[in-house]
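Overview (structure and organization)
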Amino acid sequence: MHLTFLGTGAGAPSLQRNVTAIALTLSKRGETWLFDCGEATQHQFMRSALKPGKLEKIFITHLHGDHIFGLPGLLTSRSMAGLTEPMTLYGPKGLRQFVETALSLSGSYTGYPLEIVEIEAGPVLDNGEFRVTAYALNHVVECYGYRIEQHDKPGFLDAPRLKAEGVPRGPWYQDLKQGKRITLEDGREINGADYLGPATKGKVLAIFGDTGPTEVALQLAANADVMVHETTLEAAMAEKANGRGHSTTVQAASVAQRAGAKRMIATHFSSRYLSQDRERLLAECQSVFPATELAHDFAIFEV
């Protein structure tokens, strides 16, 4: 899996950063989930290696414009490109009204099945490979963070041992790979779990929406392999940041440290910060949580 940051700015786009959008590519096949969709996200998509036809789901953290104003354009352009694969949107109450109103008033439509799921805190989906859970954050409007947990991968099936024990190849190998029991024609019962190597632990990713300090953050990011957190303002501006439902560099890094996350990626920077400010912001984060990296537009991080 890898993350592509299509926008890392807060509030409004700047010459250096577009507003928030983060793409999670799930496998080598390119299936992609998008987290937030700020203005001009489709332009950023075209400037990246991402494929619109591989975009399957969009998760919206909250309904502020810098997180959703790119949705109508992205959805309709995807339709105009002739793509017919279904799309599912997840987000807070009001997302359906926003999307349907924008499409209706502009005379637009989607030529593919579009499902809109308005969420609350708790489980969002489980497709057998990934489980997504939403956590309510501390912002000035309803806002969520998403915890994406990859199910553990079963160990490799010991085919040579099965062959040595006279278990013939056949479609039942798929059941054995899943640790299931099968019964052979000669009456022998074979337990697949006895022929599997150690399972591979699935990855855990925590993607935060906008938030001031909240204890819920520790649950969202608990032992995450990667935590993506907003750092809208520097440490000295904590009162201003928190008053608007945002976090500082040090506050975000403290979440990563307390939650036991392995890595933190900082994003959602105020437009007051220029490229020469990056090292200072990174140093503030790393003073609390050394395993911090700063995102920039089009940065790619392996998960």
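Residues numbered from 1 in each chain as written. Predicted model: local features only at pLDDT ≥ 70, side-chain atom pairs only at ≥ 80, totals over all residues. Heavy atoms only, no water.

Within an unreviewed UniProt entry, the label attached to the chain reads Ribonuclease BN, and the organism entered is Pantoea dispersa. As its UniProt record puts it under Function (unreviewed entry), the chain is described as follows: "Zinc phosphodiesterase, which has both exoribonuclease and endoribonuclease activities." (UniProt positions renumbered as here; feature names shortened; annotations may be inferred.)

1. What about the UniProt feature "domain: Metallo-beta-lactamase" (unreviewed entry) in the chain?
The UniProt record marks residues 18–194 with the feature "domain: Metallo-beta-lactamase" (unreviewed entry), using the residue numbering of this structure. As annotated, residues 18–194 has a helix share of 24% and a strand share of 28%, and its two end C-alpha atoms lie 52 Å apart. (Helix = DSSP H or I, 4+ residues; strand = E, 2+ residues; numbered from the N terminus.)

2. Some thoughts on the UniProt feature "binding site: Zn(2+) 1" (unreviewed entry) in the chain
The positions UniProt marks with the feature "binding site: Zn(2+) 1" (unreviewed entry) are H62, H64, H139 and D210. The greatest C-alpha distance among the annotated residues, which extend across 149 residues, is 10.5 Å, indicating that they converge on a single site. Mapped onto the fold, H62 is located in the loop between β4 (55–59) and α2 (65–68). Residues in contact with H62, not counting those within four places in the same chain, are D36, H67, I68, P92, H139, V141, E142, C143 and D210. Considering the arrangement of structural elements, one finds H139 in the loop between β8 (130–136) and β9 (144–150). (Contact = heavy atoms within 4.5 Å.)

3. Notes on the sheet that holds strand β16 (residues 300–302)
Where strands meet in a sheet, backbone hydrogen bonds hold them as pairs that are either parallel or antiparallel. Taken in spatial order, the seven strands of this open sheet run β6-β5-β4-β3-β2-β1-β16, and their pairing is mixed. Every interior strand has two partners, whereas the edge strands, β6 (114–118) and β16, have only one. Taken over all neighbouring pairs, the strand axes of this sheet differ in orientation by 20° on average, direction set aside. With three bridges joining them, strand β1 (residues 2–7) and β16 adopt antiparallel strand pairing. Note on β16: the bridge partner recorded for L3 is F301. Packed onto the sheet, helix α3 (residues 71–80) meets β3 (32–35), β4, β5 (87–91) and β6 and runs at close to 165° relative to β4. Strands in contact with helix α4 (residues 95–105) are β5 and β6; relative to β6, the strand with the most contacts, it is inclined by about 150°. (Pairing = 2+ DSSP bridges. Axes fitted to C-alpha atoms, helices over the stretch in contact; angles between N-to-C directions.)

4. Here's the deal with the packing of helix α9 (residues 249–259) against helix α10 (residues 278–286)
Between α9 and α10, whose axes approach to 8 Å, the crossing angle comes to 40°. Considering the angle they form, α9 stands oblique to α10. Crossing angle aside, the handedness with which α9 passes α10 is right-handed. Across from T249, V250 and A253 in α9, the residues of α10 making contact are L281, E284 and C285. Grouping the constituent residues of the contact of α9 with α10 by class yields four nonpolar, one polar and one charged. (Parallel < 35°, antiparallel > 145°, perpendicular 65-115°, else oblique. Left-handed = near helix turned anticlockwise from the far one by under 90°. Nonpolar A, V, L, I, M, F, W, Y, C, P; charged D, E, K, R; others polar.)

5. Re the nonpolar core
Membership of the largest hydrophobic core comes to 30 residues, with the highest contact counts inside it found for A206, F208, A221, M227 and M264. Counting residues per element, the ones that place at least two in this core are β12 (204–207), α7 (216–220), α9, β14 (264–267) and α10. It is α9 that provides the largest number of residues to this core, a total of five residues. Residue contacts for F208: discarding those within four places in its chain leaves L137, Y144, G145, A217, L220, A221, M227, V228, H229 and V255. F5, F35, L125 and I265 belong to the second largest nonpolar core, which has 28 residues in total. (Core = buried A, V, L, I, M, F, W, Y, C linked by side-chain atoms within 4.5 Å. Buried < 20%, exposed > 50% of the residue type's maximum accessible area, 1.4 Å probe, protein only.)

6. Quick look at the environment of L95
By the secondary structure assignment, L95 is in helix α4. For L95, a relative accessible area of 0% puts it in the buried group. In this structure, the C-alpha to C-alpha distance between L95 and Y195, residues 100 residues apart in sequence, is 48 Å. Non-local contacts of L95, meaning those with residues more than four positions away in its chain, are made with I60, L63, L71, L89, Y90, I116 and E118.

7. Considerations on the sheet that holds β9
Reading across from one edge, β7-β8-β9-β12-β13-β14-β15 is the order of the seven strands in this open sheet, with mixed pairing throughout. Each end of this open sheet is capped by a strand with a single partner; those strands are β7 (122–126) and β15 (292–294). On average, each strand axis in the sheet is tilted by 20° relative to the strand beside it, whichever way the strands run. Of the strand pairs in this sheet, β7 and β8 are connected by four bridges, and their pairing is antiparallel. Paired with L125 across the bridge in β8 is V132.

8. Quick word on the packing of aromatic side chains
Taken as a whole and judged by the stated rule, the model has eight aromatic pairs. The rings of W33, F35, F59, Y90, F130 and Y146 are connected pair by pair, giving a single aromatic cluster. Directly above the aromatic system of Y112 lies the positively charged group of R78, at a separation of 4.5 Å from the ring centroid. Residue placement shows R161 over the ring face of Y195; its charged tip is 4.2 Å from the ring centre. (Phe/Tyr/Trp six-rings, centres within 6.5 Å; stacked < 30°, edge-to-face > 60°. Lys NZ or Arg CZ within 6 Å of the ring centre and 35° of its normal.)

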